[in-house]
Amino acid sequence: MKNFDIALIPGDGIGPEVVTEGVKVLKAIEKMDTKLSFSFTEFPWGCEHYLKTGKMMDDDGINKLRHFDAIYLGAVGYPGVPDHISLWELLLRIRKEFDQYVNLRPVTLLNQSLTPLKSKTEEDIDFLVIRENSEGEYAGAGDRLFKGQPEEVVLQTGVFSRKGTERIIRYAYEEARKSNRTLTSISKGNALNYSMVFWDEVIEEVGKEYPDVETYSYLVDAASLYLVSDPERFEVVVTSNLFGDIITDLGAGITGGLGLATGANVNPEKQYPSMFEPVHGSAPDIAGKGIANPIAAIWSVSQMLDFFGEERWGKAVLTTIQDMVKETEMLTPDLGGNAATGDVGDSFIEKLKI
Ligand code: GGG
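Residues numbered from 1 in each chain as written. Predicted model: local features only at pLDDT ≥ 70, side-chain atom pairs only at ≥ 80, totals over all residues.

*Asks:* So what exactly am I meant to see when it comes to unusual backbone geometry here?
*Replies:* Most peptide bonds are trans, and most residues other than glycine sit at a negative phi. Here Asp-99, not a glycine, exhibits a phi torsion of approximately 45°, which is positive. Within the secondary structure, Asp-99 is located in the loop between helix H4 (83-97) and strand E4 (102-108). In the Ramachandran plot, Thr-328 falls in the positive-phi region, its phi being about 65° despite a non-glycine side chain. One can find Thr-328 in the loop between helix H10 (311-327) and helix H11 (341-351). Judged by the 13 C-beta atoms lying within 10 Å of it, Thr-328 falls in the partly exposed class. (Helix = DSSP H or I, 4+ residues; strand = E, 2+ residues; numbered from the N terminus. Buried ≥ 20, exposed ≤ 12 C-beta atoms within 10 Å, placed from the backbone.)

*Asks:* Got a minute to help me understand the sheet that holds strand E8 (residues 183-187) in this structure?
*Replies:* Two strands in a sheet stick together by hydrogen bonds in their backbones, pointing the same way (parallel) or opposite ways (antiparallel). One open sheet holds the 10 strands; their spatial order is E2-E1-E3-E12-E11-E4-E5-E10-E8-E9, and the pairing between them is mixed. Both outer strands of the open sheet, strand E2 (36-42) and strand E9 (215-219), are each paired with one neighbouring strand and no more. Sheet twist, expressed as the mean angle between neighbouring strand axes with direction ignored, is 25°. The pairing of E4 with strand E11 (residues 262-266) spans three bridges and is classified as antiparallel. Note that in E11 the partner of Asn-103 across the bridge is Asn-265. Each of E4, strand E5 (126-132), E8 and strand E10 (236-239) touches helix H8 (residues 241-253); the most contacted strand, E5, lies at about 155° to it. (Pairing = 2+ DSSP bridges. Axes fitted to C-alpha atoms, helices over the stretch in contact; angles between N-to-C directions. Contact = placed C-beta atoms within 7 Å.)

*Asks:* Whenever I open this one, the environment of Thr-328 confuses me. Can you help?
*Replies:* The sequence separation of Thr-328 and Ser-113 amounts to 215 residues, and the corresponding C-alpha distance is 10.0 Å. Each residue touching Thr-328, except ones within four places of it in the same chain, is listed here: Asn-111 and Gly-337.

Okay, structure coming up:
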């Protein structure tokens, strides 16, 4: 019997609603597979906690999370708490403290009717974005001088270390090689004349170790155009922290929206727990209405199962997602249906099989 210990951080807004459905799926798997069990410990961290205590998480929160096999996060951010505080004091803090330097964000069209790109099919939009997740533009380095004065100056510094850049590019090359796909690097070396020139150099250097992997390199502006006009160009994509965040929202836009976008924050060496989350935020406008789409959060469960080495179940969850989104009877309003969050979760469990 294998047991996996999971820390739950449902967070804010629709976070708790969608995490409930993901946990339902894990509990259903436990019932169907006598060799697997999951235990859950919930942490009530997020904006409500901040408004009560002045902290997004406990002071010793990182130590509390350290021993778990995985962290399952819902969403962070809510009116009344500045977004940069909710992000930096919880989500980004966990990514950094646990060196979750790989962010895996699949961009896959599950049903042709969901893309605004009229001529594109499911075969045309299917790629994996590997986003650098520990430094770059999200280094948190900078300063604000002469605040509020005419001479005010604000600095936000990107940090691209050789170690950080090489390891993400190597990870992406390994993924492309393993799956026999092309690798596309997205950068901006013509304008960002230190960081992105360095990024492009590292792509070239590491690429020499992978002569079997066909490599392309695009400026982020050109890549944004191709993502809309010609998404079939992309198979495995590697890019920096900020570009990865932006490009995967664009990816969500061409595949049916953020209700279908998942992300795994991975520490590949397994020195620390990895964290699984839907890409979407807390969506305060629909929180509490019972209409949030739980599919991205359930897809995160599939990524978590793959990460645990339970690929059979990871695939079963993904196949059920694909079937449900194709059938289109039991979908939430963001995908044109009228089902409630809990009904989508219940129906998912009825369909799930290995
Ligand atoms: N699901 C987690 C969440 O609330 N994400 C919101 C967000 O703004 N994330 C930014 C990022 O992934 O860098």
